[in-house]
Amino acid sequence: MAGAVGEARGSGWTWRPVARDPLLARAFHSCTELRGRFYLVGGLLAGGAREPSSETVVFDPAAGQAVRVAAPGGPRRSHHDAAPLGGRWLCVVGGWDGSRRLATVTALDADRGEWEAWTAGSGSCPPAGLSSHTCTRISDRELRVAGREGGTRTQRRYGSIYTLRLDPGTRTYCYKEEGCHTVSRSGHCAALLQSPGPHPGHQLLLFGGCNSAEPEVAGQWSHGKIKEEPPVASHLVEKLSRFVSSGQGSRQGPRGLRHHSCSVVGPFAVLFGGETLTRARDTICNDLYIYDTRKSPSPWFHFPCADHGLKRVGHRTCLWNDQLYLVGGFGEDGRTASPQVCILDLFIR
């Protein structure tokens, strides 16, 4: 049963199914909240597929319904990332198009219902090609891009960090490579979180995508540099706080995890599923990890689950209306895409 409960000494959690539609069955796609709807772009429709999908599907969480967007010119992509811009555009960055890794930006204009191929501006220094990277919104027109460049023959031994500036007025973008580097990562996740300790600010942390269990800092900003977003999940934050404070779960972070999901919920980074690099068989996971930045050093909390029906890789999670949603991904066999949408339920006894 897909909604079975993972337990840890009396308390539990589950992904509760709330919708099901074949249009949602895909993995290594992007899933981005824009105007109260989830925009799913591209992805692989089955394990072993060589050609990514060029479909755009919109899921309305309030109605529980999915529809295919009839916008022409949709990008054929997988292993990409996407970010909303100005409450109007959905910007797809990089990814695999079936033949090569890209660093281009393609944007869906939600007002006009059309895809647009934006142009690299003068002075742009793009990566050699991006896939399984991350794009994190720093401001309304600025993203921080992190991940390994190029293919397996050309990639560097370290990960590059780029600032990507977007200009919807001119439909242009500009990459600038930052001076710092990270461990070589692919299939990791990124979370912009408040810095713990006496000096408030923000830091961008990278989780997974390599054998290391420790998060890595990919950017730091002092107090006031990052615009504070209004709380959107106060009840879920309260539940997570009670869940990690009730003595449940082990103090163990993920090691060697990739292609998992990550969502920031207040002071918490919530990670789920993925593929482990630490064993040769049974590599797809169904574990829940919570990273708590309210303390320094920030502790991990690990909540395992025995239900193999919850194993996911190449999936996405989205926060909306005080709920965390799970969308798509391949299941235990690594080939069959899930058509379900689920909500994270926490049970504190």
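- As recorded by an unreviewed UniProt entry, the chain carries the name Kelch domain-containing protein 9 and is attributed to Moschus moschiferus.
- Quoted straight from UniProt, the Subunit (unreviewed entry) entry for the chain says "Interacts with CCNA1."

Concerning unusual backbone geometry
Most peptide bonds are trans, and most residues other than glycine sit at a negative phi.
Part 1: The omega torsion across serine 296 and proline 297 is 0°, close enough to zero to call that bond cis.
Part 2: Looking at the element boundaries, proline 297 is found in the loop between strand 23 (288-292) and strand 24 (300-303).
Part 3: Of note, histidine 79 is a non-glycine position whose phi angle comes to about 55°, a positive value.
Part 4: Residue position: histidine 79 is located in the loop between strand 6 (65-68) and strand 7 (81-85).
Part 5: Not every positive phi belongs to a glycine, and arginine 171 is a case in point at roughly 55°.
Part 6: With respect to the helices, strands and loops of the structure, arginine 171 is situated in the loop between strand 14 (158-167) and strand 15 (172-183).
Part 7: Judged by its relative accessible area of 24%, arginine 171 falls in the partly exposed class.

Details of the pattern of salt bridges
Part 1: According to the stated counting rule, one finds 19 salt bridges in the structure shown.
Part 2: Arginine 35 is the partner of aspartate 111 in a salt bridge, and the nearest nitrogen-oxygen pair spans 2.5 Å. Within this pair, whereas aspartate 111 is found in the loop between strand 9 (101-109) and strand 10 (114-117), its partner arginine 35 is found in the loop between strand 3 (30-34) and strand 4 (37-41), the two being separated by 76 residues in sequence.
Part 3: A salt bridge links aspartate 292 to arginine 294; the nearest nitrogen and oxygen atoms lie 2.8 Å apart.
Part 4: In this structure aspartate 292 comes out as buried when scored by relative accessible area, which is 2%.
Part 5: Look at arginine 294 and you get partly exposed, because its relative accessible area is 42%.
Part 6: Put simply, Arg35, Arg88, Asp109 and Asp111 are held in one network by salt bridges that share partners.

A word on the sheet that holds strand 7
Part 1: With antiparallel pairing, the 4 strands of this open sheet are ordered in space as 7-8-9-10. Two strands in the sheet have a free side with no partner beyond their single neighbour: strand 7 and strand 10. The sheet shows a mean angle of 25° between the axes of neighbouring strands, direction not considered.
Part 2: Both strand 7 and strand 8 (residues 89-96) contribute to a ladder of 5 bridges, which runs antiparallel. Note on strand 8: the bridge partner recorded for alanine 82 is valine 92.

Details of the nonpolar core
Nonpolar side chains in soluble globular proteins generally cluster together in the buried interior.
Part 1: With 22 residues, the main nonpolar core has Trp13, Trp15, Leu240 and Ile290 as its most contacted residues.
Part 2: Of all the secondary structure elements, the ones that give two or more residues to this core are strand 2 (11-20), helix 1 (234-244), strand 21 (268-272), strand 23, strand 24, strand 26 (323-327) and strand 27 (340-347).
Part 3: Looking at this core, the element that brings in the most residues is helix 1, giving 4 residues.
Part 4: Every residue in contact with isoleucine 290, bar those within four places of it in the chain, is listed here: Leu240, Phe243, Val244, Phe268, Ala269, Pro299, Trp300, Phe301 and Phe303.
Part 5: Leu85, Ala103, Leu143 and Tyr162 belong to the second-largest nonpolar core, a separate cluster that totals 18 residues.

Focus on the environment of glycine 86
Part 1: Along the polypeptide, glycine 86 turns up in the loop between strand 7 and strand 8.
Part 2: Taking the relative accessible area as the measure of exposure, glycine 86 reaches 47% and is therefore partly exposed.
Part 3: The spacing of glycine 86 and aspartate 140 is 54 residues in sequence and 6.3 Å in space, taken between C-alpha atoms.

Here we look at the pairing of strand 14
Part 1: Here strand 14 lies mainly inside the structure; 7 of its 10 residues are buried.
Part 2: Relative to strand 14, strand 13 (residues 142-147) runs antiparallel, the two sharing 6 bridges. Pairing of arginine 144 across the sheet is with threonine 163, part of strand 14.
Part 3: With 9 bridges connecting them, strand 14 and strand 15 associate as antiparallel partners. Bridge pairing links tyrosine 158 to valine 183 in strand 15.
Part 4: Connecting strand 14 to the next strand, strand 15, in antiparallel fashion are 4 residues, including arginine 171 with a positive phi near 55°.

Conventions we followed
- The numbers attached to residues start from 1 for each chain and follow its sequence in the written order.
- Reporting of local features is limited, given that this is a predicted model, to residues whose pLDDT is at least 70; pairs of side-chain atoms are given and counted only at 80 or more, and all residues count toward the totals for whole chains, interfaces and linings.
- The side-chain figures draw on all heavy atoms in the structure; neither hydrogens nor water molecules are used.
- UniProt positions are given in the numbering used here, feature names are shortened, and annotations may be inferred rather than shown by experiment.
- A run of H or I in DSSP counts as a helix once it spans at least four residues, and a run of E counts as a strand once it spans at least two, with each numbered from the N terminus.
- Think of it in three bands: with a 1.4 Å probe and only protein chains considered, a residue is buried below 20% of the maximum accessible area for its type, exposed above 50%, and partly exposed in between.
- The salt bridge criterion pairs a side-chain nitrogen of Lys or Arg with a carboxyl oxygen of Asp or Glu, the two atoms within 4 Å.
- Strand pairing follows a simple DSSP-based rule, namely that at least 2 bridges must link the two strands.
- Axes, fitted as lines to C-alpha atoms, cover a helix only where it is in contact. Angles between the N-to-C directions of the axes lie from 0 to 180 degrees.
- Residues belong to one nonpolar core when they are buried, are Ala, Val, Leu, Ile, Met, Phe, Trp, Tyr or Cys, and are joined through side-chain atoms within 4.5 Å.
- Contacts were defined at the residue level, with two residues in contact if any of their heavy atoms lie within 4.5 Å.

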